[in-house]
Amino acid sequence: MITALIRSELPRMSGSLRKVGLWVLERPADVSKASASEVGRWTGTSQATVTRFCQALGLASYRDLQYELAKEQGQVGSEEPEPRPLGPDIGPDDPLDRLVSVVARADLQALRRTAESLDLDALDRAARTLAAARRIDVYGVGGSGVIALEAEARLFGIGCDARARTEVHAAETSAALLTPADAVVAFSHSGATREVLGPLRLAAERGAATIAVTGDPRSPVARAAGVHLGSTSAETGFRRGGFGTRHSVLLIVDCLYARVAQLTYGRATASLALTAHIADGHR
């Protein structure tokens, strides 16, 4: 639903865009009947800001926002306008080409927004921390556990002693054995996952460097880490929350991996050369 998408995007929006988003959530019926300039006037922003707000949601225009709000409120009848707006939702009778377009558009826009909003200084500090670490713990459960395993595979492949901990007891045990020479990367879309927050805090108490990748910079996981990297959601029908943010998080993992490889060029290239033959041997 469009209101769920707005709520998920609000933490990453600037002051003026956030103001528009909060107003839309409070008065969706008014928005579905008003012009973009009227919404800009009511929110103390501008028509251009309202348009940028719609684009930040992955919508092509303000009309698309009105359509999605009206549909959510049950104000759209059985005779849909043509052409149908390419919003984030996928209906049970949508043709396959539209489904592919919606999913691809959401992913591409999430990747673009993540790349544009990524704090490069924070990314560099995180990569330098990982490059210098004696040992790296990677925490994540559920959908974030898949990301943790992917991060482990990439870092381990370039010579980092990285291990994913996707079960809370193993994560806390490992965290308790860390030292100031070690580092942690914690993945949590909400930033409030207790099974990730607990080990992260314990690792920090042990003096390890801590990095968090979340969708909310004000979340407990983000606040508990020394470095925070923000991901962007790519929600569509049938794909909400952690599922919708996975591609943008993988972009961050890719950037961390590539930067660590840069910083440890000799070790990374030697590791890749030593392991290059392994896949060929299993074909």
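Residues numbered from 1 in each chain as written. Predicted model: local features only at pLDDT ≥ 70, side-chain atom pairs only at ≥ 80, totals over all residues. Heavy atoms only, no water.

For Arg 128, the position within the fold is in helix H8 (residues 120-132). Measuring from C-alpha to C-alpha, the distance between Arg 128 and Gln 47 comes to 42 Å, with 81 residues separating the pair along the chain. In this structure Arg 128 touches Arg 259 and Leu 263, once residues within four positions along its chain are discounted. (Helix = DSSP H or I, 4+ residues; strand = E, 2+ residues; numbered from the N terminus. Contact = heavy atoms within 4.5 Å.)

Moving on: H8. Here H8 spans 18 Å end to end across 13 residues, near enough to the 18 Å set by a 1.5 Å rise per residue. Among the residues making up H8, those that are buried are Ala 122, Leu 123, Ala 126, Ala 127, Leu 130 and Ala 131. Its side-chain oxygen at 3.1 Å from the backbone nitrogen of Asp 121, Asp 119 defines the N-terminal cap of H8. (Expected span 1.5 Å × (residues − 1). Buried < 20%, exposed > 50% of the residue type's maximum accessible area, 1.4 Å probe, protein only. Polar contact = N/O pair within 3.5 Å; in protein donor to acceptor, adjacent residues only side chain to side chain.)

In terms of residue burial, helix H6 (residues 62-72) counts as a mostly covered element, since eight of its 11 residues are buried. By the burial criterion, the buried members of H6 are Tyr 62, Asp 64, Leu 65, Gln 66, Tyr 67, Glu 68, Leu 69 and Ala 70. On its buried side, H6 packs onto helix H1 (2-9), helix H2 (15-26), helix H3 (28-31), helix H4 (36-42) and helix H5 (47-56). Backbone geometry just after H6 places Gly 74 at a positive phi near 75 degrees.

A separate point is the pairing of strand E3 (residues 183-188). Of all six residues that make up E3, six are buried, and the element is covered over most of its length. Side chains Ala 183, Val 185 and Phe 187 of E3 all project onto a buried face; the interleaved residues Val 184, Ala 186 and Ser 188 project onto the opposite face, where all are buried too. In this region the chain leaves E3, passes through helix H11 (residues 194-205) and returns to the parallel neighbour strand E4 (residues 209-214); the handedness of that crossover is right-handed. (Right-handed = clockwise from strand over helix to strand, strands pointing away.)

As summarised here, the arrangement of the five strands in space is E2-E1-E3-E4-E5, forming an open sheet in which the pairing is parallel. For this open sheet the edge positions go to strand E2 (162-165) and strand E5 (227-230), each flanked by a neighbour on one side alone. The average undirected angle you get between the axes of adjacent strands in this sheet is 20 degrees. Of the strand pairs in this sheet, strand E1 (residues 136-139) and E2 are connected by four bridges, and their pairing is parallel. Following the sheet pairing, Asp 137 is matched in E2 by Arg 163. Sheet strands in contact with H8 are E1, E3, E4 and E5, and its direction is about 125 degrees off that of E5. Contacts from helix H9 (residues 143-157) reach E1, E2 and E3, with the element oriented near 170 degrees to E2. (Pairing = 2+ DSSP bridges. Axes fitted to C-alpha atoms, helices over the stretch in contact; angles between N-to-C directions.)

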